[in-house]
Amino acid sequence: MGAAGQFDVLQQPKQQPGPPVQLHSVPAHNSASQSPRLQQPPQQLTPQQQQHAPQQPLSHPQSQQRSVKRPRPVKSCTECRKRKLRCDRLCPCSQCQKSNRACKYAADADGQPESDASDVDVPEPGRPSKRNCPPGTTPSAASTIGDSTALAAAVAAAKNGDASGLPLLEELSLRMERLEKQVMVRSPAVTDLSAGRVVAATADTIRGLSVKNGAKRTRFFGQGSSRVMFNLFDDAKAFFHQHQNIAGGREVLSDFRAAHHFIHDNYNKALTPISVYVDSMMPIQKRMTDILPPKDVCDRLVASYVDSSETIYRILHIPSFMEQYNMYWSGRQQSGFFLPQLLAVLSTASRFETKSKGILHERVDGVHNPTSCALVRSWLDSLKGKQRVEFESLQVEVLLLHAQRMVTQRTNELWSQLGYIVRNAMSMGLHRDPSELGPRMTVFQGELRRRLWFTILDIDVHMSIALNMPTSVREGDFTCRPPRNLDDVELFEGLRELPPSKPIDQITDNQLQVYGAMTLPVRMKVAHLVNNIDSIRDYQEVLDVGIKLDRFLEDINYLFPRQGILNDTQKSKMWRSRVILDMHVRRPLIALYRSLAMGTPDAPPQITRAHLRSSMVILKYLDEIDPRQPFFETITAMYHHMLKHDIFQASLSVCYYIQAAYHNSDNMMGGHPRQSPEYGVDDYPLYKPETLSIWSPERLISTVEKSLEILLKHASGNDTKDLLTLALVLETVRKPGPRADEIVRGLYGVLDLLLRSSNTTLEKVRSVSQREPFGSSDGYMPGHPHMSNAAAAAPQFGGWLIWDGWD
């Protein structure tokens, strides 16, 4: 746009305040930039400058417009230039005021490249030139209002042609404008999502810290922990605090505690390694051989592992592994790394493909997961020097971590072990691209290193987000390029050049990992934002990342469609691939939005809508599978074991929206009236930003009830506390003003289902608990992450109420 066009735009009258500003819109110019009288006076040239200046007639400014062809000097502030925003060239400018940034201007001779916006240096009418911002010169409102007489004098001087009055007039005008904007920002009518303000939920809904034993023993809990999310439900907290004054309250919680101890003790016994293998003096290789099941069982388990686990996490090169596998059963010599790899593979598959779930000592159909993991750990600890930096030993470390995730009760320990794996991989150079390592790095090994490195990065991001911890590696800390979308058979020893990568919509053995690598930078950004969620100044950065994740979710539905698949086996495989990718993207999206949607009263509607919808998608994954199919139970068990904590968190999130829907007269996501949602092919309400479509509270309740049944059916020894939390929250939000007797009755119903899934009775767990002393224990009460030991010593049931007393 030329100078004349710019002048026409700037001379438009100032518009009245209208509807809320949409994202990415250019803000209107302020009054100072619209008045041609507020231009800076022409600068006086020195004699040297006059000598070299081009001779131009001063009486005809129109003739100056295109007389000199040269780039326009930089006049916008550095932040607006960096973000490609329209700057009004004030100090501070309107863009920096909105986002509460430090507004700085580059020096005139700082050597920065000049703007390429125009090829002509034309003074723009109505826009002030760049001003320097000395620190501490921001005026207050009082000084602005108190200078009204000076403002009148400056206006009179400007009308009389006195140029000395212009700087004072401009300064006072800028003060008035800044005061106007501050008042508008604080007004409830302003809904600009980039307005500069602190966006953070309360501290007890973001994180918790258990402090015990004189502050010598502490444990950190992130925003996804049920202990922290429990603080959002006042009625459930009140039931805990007043349980002794409620008829049946003390008894039902006492029975839950007894059931917890009974189930947890039995689960711990099942997780105890078999001593005849672990404590034996036989060579470690002989003990690993003795624990293996027959070949037909191994064939089934290996096939299950390749089909279900070597997807987004690529650890093994399947043709090479199967070659070693066939050599082992034929009695030929194989690598010393093969047996630990095989044992870890069988341990992972036994968790889903066997009746014992890999934790019972009867090993007819699989291996005992705790025993096999203990043997693999012993083998790794016995490695010496150079063996620790072998590529195969790193594969065993990752396989062992994958197998331990199936049965572990302490995710923090896995997170610490993962830190060792990341640093070990970096010490082996996996964070650098193989092309940088010279000709001695073969093409085949280089691609396997890329696959394993991005597997480690993906696990790091997943665990860090789940625990609300920082990742070990951030974007920019590595140069390794993502792996290519190729089948495993296309990679072999002696390969001289990698084949070109296939399109991402073409199914290959590595399709899921390649797409996961495409989303990895954004998910890394989420891990950083979640860890610093209470220091975010505005919603814009969060929304930008959330929009990118939403686009990834749309791509996943395109890559793995729900319709047009007739074969049940293909439909099951397509469902599993879609859920794996969808979960890897949806989990960061929920973590990014959770503390804002569930703890910030002025969160934008798109955040609460996206958070609720994503929570419901997780809870309704199984609705796409026909329960009459023979593989339904296997898929259900896999769904529970891999997404158990996500189901807990999503269910508590949905309960929060049920509570909000009953407590608020208007809809909790924008004040619009509730309307019947439009449903798509996946039975989920279509996401339309311009309308508000939500589920009814009744449907939300039925969805949580169905998810709770799945959690109860597949519960293990370390789930009782989370199950009690979810059951109590659901009973208190089921309807407004819940009655205490109805809550007690509902909790007993949940306890009955839990005991049935554990093949025990209430009388049995009571008889066992009566033989154990109920001593007081210091600890952490739900809803009070910093509760002191003195506060915990209230006359409650021997400390059973306190979570850490259950551990």
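Taking an unreviewed UniProt entry as the reference, the protein is identified by name as Zn2Cys6 transcription factor belonging to Cordyceps javanica.

Draft legend 1. Structural detail: the packing of helix α21 (residues 511–531) against helix α22 (residues 540–559). For the pair α21 and α22, interaxial distance at closest approach is 11 Å and the crossing angle is 155 degrees. When the axes of α21 and α22 are compared, the pair comes out roughly antiparallel. Read as a crossing pair, α21 and α22 show a hand that is left-handed. Seen from α21, the contacting residues are Y515, M518, T519, V522, R523, K525, V526 and L529; seen from α22, they are E541, V545, K548, L549, F552, D555, I556 and L559.

Draft legend 2. Seen up close, the UniProt feature "domain: Zn(2)-C6 fungal-type" (unreviewed entry) in the protein. Feature annotation in UniProt places "domain: Zn(2)-C6 fungal-type" (unreviewed entry) on residues 76–105, given in this structure's numbering. This span, residues 76–105, is 40% helix and 0% strand, and a straight line between its end C-alpha atoms measures 7 Å.

Draft legend 3. Highlighting the packing of aromatic side chains. For the structure on display, the rule yields eleven aromatic pairs. Ring plane angle 80 degrees and centroid distance 5.1 Å describe the contact between Y328 and W329, whose orientation is recorded as edge-to-face. We classify Y328 as buried; its relative accessible area is 16%. Between Y328 and F338 the ring centres are 5.8 Å apart and the planes differ by 45 degrees, which places this aromatic pair in the tilted class. Placement of Y328 in helix α15 (residues 318–329) and of F338 in helix α16 (residues 338–353) is noted, with a sequence separation of ten residues between them. In terms of burial, Y328 and F338 fall into one category: buried. An aromatic cluster of at least three residues, connected via ring pairs, comprises F321, Y325, Y328, W329 and F338.

Draft legend 4. Looking closely at the nonpolar core. Counting 170 residues, the largest nonpolar core has F233, W453, Y621 and L747 as the members making the most contacts within it. In terms of residue count, the dominant contributor to this core is helix α23 (residues 568–597) (14 residues). Residues in contact with F233, not counting those within four places in the same chain, are L652, C655, Y656, Q659, V729 and V733.

Basis of the calculations
- Residues numbered from 1 in each chain as written.
- Predicted model: local features only at pLDDT ≥ 70, side-chain atom pairs only at ≥ 80, totals over all residues.
- Heavy atoms only, no water.
- Axes fitted to C-alpha atoms, helices over the stretch in contact; angles between N-to-C directions.
- Helix = DSSP H or I, 4+ residues; strand = E, 2+ residues; numbered from the N terminus.
- Parallel < 35°, antiparallel > 145°, perpendicular 65-115°, else oblique.
- Left-handed = near helix turned anticlockwise from the far one by under 90°.
- Contact = heavy atoms within 4.5 Å.
- UniProt positions renumbered as here; feature names shortened; annotations may be inferred.
- Phe/Tyr/Trp six-rings, centres within 6.5 Å; stacked < 30°, edge-to-face > 60°.
- Buried < 20%, exposed > 50% of the residue type's maximum accessible area, 1.4 Å probe, protein only.
- Core = buried A, V, L, I, M, F, W, Y, C linked by side-chain atoms within 4.5 Å.

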